[in-house]
Amino acid sequence: QVQLVESGGGLVQAGGSLRLSCAASGRTFSRYHMGWFRQAPGREREFVCAVTKSGTMTVYADSVKGRFTISRDNAKNTVYLQMNSLKPEDTAIYYCAADSSYNLGRRVLDYDYWGQGTQVTVSS
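Rules and cut-offs
- Residues numbered from 1 in each chain as written.
- Predicted model: local features only at pLDDT ≥ 70, side-chain atom pairs only at ≥ 80, totals over all residues.
- Heavy atoms only, no water.
- Helix = DSSP H or I, 4+ residues; strand = E, 2+ residues; numbered from the N terminus.
- Contact = heavy atoms within 4.5 Å.
- Polar contact = N/O pair within 3.5 Å; in protein donor to acceptor, adjacent residues only side chain to side chain.
- Buried < 20%, exposed > 50% of the residue type's maximum accessible area, 1.4 Å probe, protein only.
- Pairing = 2+ DSSP bridges.
- Core = buried A, V, L, I, M, F, W, Y, C linked by side-chain atoms within 4.5 Å.
- Axes fitted to C-alpha atoms, helices over the stretch in contact; angles between N-to-C directions.
- Disulfide = S-S within 2.5 Å.

A.B. asks: Is there a simple way to think about the environment of T78 in this case?
C.D. replies: Mapped onto the fold, T78 is located in strand β8 (residues 78–83). The spatial distance from the C-alpha of T78 to the C-alpha of C96 is 10 Å, given a sequence separation of 18 residues. Those residues in contact with T78 that lie beyond four places of it in its chain are S21, C22, A23, F29, S71, R72 and D73. There is a polar contact of 2.8 Å between the side chain of T78 and the backbone oxygen of K76.

A.B. asks: When you look at the pairing of strand β3 (residues 18–24) in this model, what are you seeing that I'm missing?
C.D. replies: Consecutive side chains along a regular strand alternate between the two faces of the sheet. Of all the seven residues making up β3, five are buried; the element is thus mostly covered by neighbouring parts of the structure. When strand β1 (residues 4–7) meets β3, the two strands line up antiparallel, connected through four bridges. Counterpart to L4 in the pairing with β3 is A24. Of the pairings in the sheet, the one linking β3 to β8 comprises six bridges and is antiparallel in character.

A.B. asks: Got a minute to help me understand the nonpolar core in this structure?
C.D. replies: In summary, soluble globular proteins display a tendency toward joint burial of nonpolar side chains. Counting residues in hydrophobic clusters, the biggest one holds 37 residues, and the most contacted among them are M34, W36, V79, M83 and Y94. For this core, the secondary structure elements donating two or more residues are β3, β4 (33–39), β5 (46–51), β6 (58–60), β7 (68–73), β8, β9 (92–99) and β11 (118–123).

A.B. asks: Looking at this structure, how should I read the pairing of β9?
C.D. replies: Of all eight residues in β9, seven are buried; the element is thus mostly enclosed. As defined by bridge partners, β9 adjoins strand β10 (residues 113–114) across two bridges and the pair is classed as antiparallel. Looking at β10, one finds that A97 is bridged to W114.

A.B. asks: Honestly, the sheet that holds β8 in this entry has me stumped. Any pointers?
C.D. replies: One key point about sheets: their strands pair by backbone hydrogen bonds, in either a parallel or an antiparallel sense. Read from one edge to the other, the open sheet built from four strands follows the order β1-β3-β8-β7, with strand pairing classed as antiparallel. Where the open sheet ends on each side, the last strands, each with one partner, are β1 and β7. Sheet twist, expressed as the mean angle between neighbouring strand axes with direction ignored, is 15 degrees.

A.B. asks: I'm lost on the state of the cysteines in this one. Help?
C.D. replies: Here, the word disulfide means a covalent bond between the sulfur atoms of two cysteines. Under the criterion given, the structure shown has one disulfide. Linked covalently through their sulfurs, C22 and C96 form a disulfide whose S-S length is 1.9 Å. Between C22 and C96, the disulfide has an S-S torsion of 50 degrees and is therefore right-handed. With C22 in strand β3 and C96 in strand β9, the pair connects residues that are 74 residues apart, well separated along the chain. Considering cysteine sulfurs only, C96 is the nearest to C49, which forms no disulfide, with 11 Å between them. Residue C49 is classed as buried on the basis of its relative accessible area, which comes to 0%.

Put into structure tokens, the structure is as follows:
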């Protein structure tokens, strides 16, 4: 079982920045695509961004393009989400997830393992 632990969430004013981290267990981290999702109260969990196993390709939801950056350090078994120019609508619990499939997924059902989530709150 892959264990994922997010950290770095918090309260920030609109326009500010946060960097989330997701630490993964084991030596198999590089075998997984990694994604970030978020879920706001009363909403379904939605795709934010993802990065391929080697870190060579990324994909972003339209809502965060140009503001968020996903990256990974396979030597540290860690994936990051740099969030800039934060908006109140970014407020959500952010989850990292691991995907063992061949293609880079954008759907919740594409991912096999999930972290516990970290709260990001952006005030106006």
